[in-house]
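Below are the chains, spelled out letter by letter.
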Amino acid sequence: QVQLVESGGGLVQPGGSLSLSCVVSRSIFSRNGMAWYRQAPENGRELVAGITSGGNTNYADSVKGRFTISRDNVKNMVFLQLSSLKPEDTAVYYCNRLVPPFAPWGQGTQVTVSS
C-alpha cells in the first residue's frame, strides 16, 4: 500500500546533481501542497522545498537557485532536482504534505555529498 515512497538518493561529489522522486498515495496527494524535507544526523527535520497544488513553489534559503521541486498531478508524484550539491546537503530526504496534518513518514532516501 503506497503512502510515500522516496527514491533517487545516492553518493555524489560536491558540485554534482541528483534527481529525487516520490510516489504518493492519491489520498495524500490530491489537492494538497507537497514538500521535500531533509534530516541530517543530529538535526531536526527541515523544510527544503514546497509546491502548492497550483504549482507555486518555495525554497529554503540554503537551497534557492540549486534545487527545483516539481509535481506530476497525473502520476501523483513529486520530484526534487538537486544541483550544485554541497557537503552540507547530506541528509535523508523525505516527501510529505506541505502543511499538517502530515501523512505517516516514508523511509526517505539518503543523499550523501562527499569527495
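What you are looking at is a predicted structure, and each value in this text was computed from that prediction instead of being measured.

Working note: regular strand, side chains alternate between the two faces of the sheet. Here strand β1 (residues 4-7) shows a buried face lined by L4 and E6 and an unburied face lined by V5 and S7. Both β1 and strand β3 (residues 18-24) contribute to a ladder of four bridges, which runs antiparallel. Among the inter-strand pairings, V5 is bridged to a residue of β3, identified as V23.

What follows is about the pairing of strand β5 (residues 46-51). Both strand β4 (residues 34-39) and β5 contribute to a ladder of five bridges, which runs antiparallel. Residue pairing across strands places Y37 opposite L47, the latter belonging to β5. Linkage of β4 to β5, two consecutive antiparallel strands, is achieved through a turn of six residues, within which E42 is found at a positive phi near 70°. Note: β5 against strand β6 (residues 57-59), three bridges, orientation antiparallel. Counterpart to A49 in the pairing with β6 is Y59. Between the antiparallel neighbours β5 and β6 lie five residues, among them G55 with a positive phi of about 100°.

Take the state of the cysteines next. Under the criterion given, the structure shown has one disulfide. Two residues, C22 and C95, share a disulfide whose sulfurs are 1.7 Å apart. Placement of the pair is C22 in strand β3 and C95 in strand β9 (residues 91-97), with a sequence separation of 73 residues. Judged by relative accessible area, which is 0%, C95 ranks as buried.

Right, let's talk about the environment of V78 for a bit. Inspection of the secondary structure puts V78 in strand β8 (residues 77-82). On the basis of relative accessible area, V78 is assigned to the buried category, the value being 0%. Between the C-alpha atoms of V78 and I51, which are 27 residues apart in sequence, the distance is 8.9 Å. Filtering out sequence-adjacent residues up to four positions away, V78 remains in contact with L20, S21, C22, V24, F29, M34, W36, I69, S70 and R71.

Rules behind the numbers
Residues numbered from 1 in each chain as written. Predicted model: local features only at pLDDT ≥ 70, side-chain atom pairs only at ≥ 80, totals over all residues. Heavy atoms only, no water. Buried < 20%, exposed > 50% of the residue type's maximum accessible area, 1.4 Å probe, protein only. Helix = DSSP H or I, 4+ residues; strand = E, 2+ residues; numbered from the N terminus. Pairing = 2+ DSSP bridges. Disulfide = S-S within 2.5 Å. Contact = heavy atoms within 4.5 Å.

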